[in-house]
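So the chains spell out like this:
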Amino acid sequence: MAKVTKVMRYALAWSGDEATVGADYNKICKILWKLSDETRAISNRTVRLWWQWDSEMNDEYNRTGIRPSFKEKYGKAQSTLAYQSIAHEQEYCISTDTIASLTNDICGRMNKMRQELWKGARSIVSYRENQPILVVKKAIRYEQNQSGYQFRFSLLSRAGLKYFGFKEFNPKLKNTDIFQFIVVGKLSASARTILRRCADKRYTIGASKLIYDKRKKQWFLNLTYSFEAEENTDLDENRILGVDLGLVHAVHMAVSDVEWDGRRFTIEGGEITDFRRQVEKRRRSLQTQIRTSGDGRTGHGRNRALQPLEKLSDKERNFRNTTNFRYAKRIVDTALEYKCGIIQMESLDGITKDNSFLQQNWTFYDLQTKIKNKAAEHGIKVLSVEPKYTSQRCHVCGCICSDNRLKQAVFICQECGYKGNADFNAAKNLATRDIDRIIKETMKHHSAKKKQTEKV
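Computed from a predicted model, the values in this text were never measured in an experiment. (Residues numbered from 1 in each chain as written. Predicted model: local features only at pLDDT ≥ 70, side-chain atom pairs only at ≥ 80, totals over all residues. Heavy atoms only, no water.)

Peer 1: Looking at this structure, how should I read the packing of helix H2 (residues 25–64) against helix H4 (residues 78–89)?
Peer 2: A pair of packed helices is captured by two measures, namely the crossing angle of their axes and the spacing between those axes. At their nearest, the axes of H2 and H4 sit 10 Å apart, and the two run at 125° to each other. Judged by the angle between their axes, H2 and H4 are oblique. Of the two elements, H2 crosses H4, and the hand of that crossing is right-handed. Contacts between H2 and H4 pair Ile42, Arg45, Thr46, Leu49, Trp50 and Trp53 from the former with Gln78, Leu81, Ala82, Ser85, Ile86 and Glu89 from the latter. Counted by class, the contact of H2 with H4 contains 7 nonpolar, 3 polar and 2 charged residues. (Axes fitted to C-alpha atoms, helices over the stretch in contact; angles between N-to-C directions. Helix = DSSP H or I, 4+ residues; strand = E, 2+ residues; numbered from the N terminus. Parallel < 35°, antiparallel > 145°, perpendicular 65-115°, else oblique. Left-handed = near helix turned anticlockwise from the far one by under 90°. Contact = heavy atoms within 4.5 Å. Nonpolar A, V, L, I, M, F, W, Y, C, P; charged D, E, K, R; others polar.)

Peer 1: What exactly am I supposed to notice about helix H5 (residues 96–112) here?
Peer 2: Because each turn of an α-helix spans 3.6 residues, side chains separated by three or four positions end up pointing in the same direction. With 17 residues, H5 extends 25 Å between its outermost C-alpha atoms, agreeing within 8% with the 24 Å of an ideal straight helix rising 1.5 Å per residue. Buried within H5 are the following residues: Thr98, Ile99, Ser101, Leu102, Thr103, Ile106, Cys107 and Met110. Looking at the buried side of H5, the elements it contacts are H2, H4, helix H6 (114–119) and strand S2 (133–135). (Expected span 1.5 Å × (residues − 1). Buried < 20%, exposed > 50% of the residue type's maximum accessible area, 1.4 Å probe, protein only.)

Peer 1: It is not clear to me how the packing of H4 against H5 should be interpreted in this structure. Could you clarify?
Peer 2: One way to put it is that H4 packs onto H5 with a least axis distance of 9 Å and a crossing angle of 135°. Classified by the angle their axes make, H4 and H5 are oblique. Handedness of the H4/H5 crossing: right-handed. Facing Gln78, Ser79, Ala82, Tyr83 and Ile86 of H4, the residues of H5 in contact are Thr96, Ile99, Ala100, Thr103, Asn104, Cys107 and Asn111. Looking at side-chain class alone, the contact of H4 with H5 contains 6 nonpolar, 6 polar and no charged residues.

Peer 1: What is the right way to look at the packing of aromatic side chains in this model?
Peer 2: Two numbers describe a pair of aromatic rings. These are the distance of the centres and the angle of the planes. The tally for this structure, following the rule as stated, stands at 16 aromatic pairs. Both rings, one in tryptophan 53 and one in phenylalanine 70, keep their centres 5.4 Å apart while their planes meet at 65°; by these two values the pair is edge-to-face. Taken together, the positions of tryptophan 53 in helix H2 and phenylalanine 70 in helix H3 (residues 70–74) put the pair 17 residues apart, joining distant regions of the chain. For the pair shown, tryptophan 53 and phenylalanine 70 are each scored as buried. Ring-pair connections join several aromatic residues into one group, and the members of that group are Tyr142, Phe151, Phe153 and Phe181. The side chain of lysine 27 reaches across the aromatic face of phenylalanine 166, ending 4.8 Å from its centre. (Phe/Tyr/Trp six-rings, centres within 6.5 Å; stacked < 30°, edge-to-face > 60°. Lys NZ or Arg CZ within 6 Å of the ring centre and 35° of its normal.)

In structure tokens form, the structure reads like this:
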């Protein structure tokens, strides 16, 4: 069975005993902010080291035509050397396990984007203030007791315990005595279920993150948890659900061997578009008010002036999150209904200014992530394919022609005469196995045929 990993955010309150720990909540916050600053410094230092080493290896390749492996050139694994270099430069208050995990994660991330960096398609990553504090798996203690949902974290190194005076106060004091937190706030049924299942070990807690919300003045835990996906023997891997995102509708679906079924396969995009426009209109109005407001708002500083905009951003983020969850559930439920073993979607790397308003102004990457997470729970595979020409190709005869889609909503094949909904046609193409390879071969054939005609 496949392993599913997800994240849920929880609001926290410090529940430690000041008399036992020798610190109050304000000191705990200062310590955590210090660890956040160290996280940023370590992350940026790792990026600089990676870039230095990769530049040296790139120079060697340009000289010799051979690119050695990192271990051949430097004698150690990349993440190991990064950890040792950073850990020995100075004493950090954050735990050594966290430093090792951070350097490993960042080196892996940089390696994945290497080609884009050298092509100039991406910029070097720069980590800014208020970085989430990584809490490695073995540094988390969790239990459900009479007080509620209790978390204890081991965050400080020996140097950190000494730096903040904890060793002088109580030499036997443990990290987990200092960083005791309890989950607070109104929890949804699903959020409570996750905590209960983590407590009884049905879900496994993984490396998570602590982050401070400056506006709410509160610490939050992005809790990572994992579990085994359901084994669904009813799924057919030869049946594919194609998902087309965001032109006339927010989502249009098609099953590889099922024909048009009216509005059954459609999720309208009107609510997204309308909400987004309302938010933008309200944001412009608030910005105008801030510029022209009196001392009642501006007299309390910039933060007071920006509060309405921050609340609006929260509202927009919550609507996006809720809507994408709802859409992802609808898509996966459709796949389950038709016993589709695969969901196939377009890769979103090609979204540009030429795409529709809906695509430019909605977080489809977030939606695709939620679809993948939800599908994984049921053992459904999710594949991304190159979307080029899927909107111009006739799913009936395979003809690719820009004239097939003279109108945004209507598809008329210039070769076989098929006429239908343009988004449904694109979704049917996305429901075709190896569609990107099929289109590539078709275009290659067209190109060869064109050259032959020109020669004649």
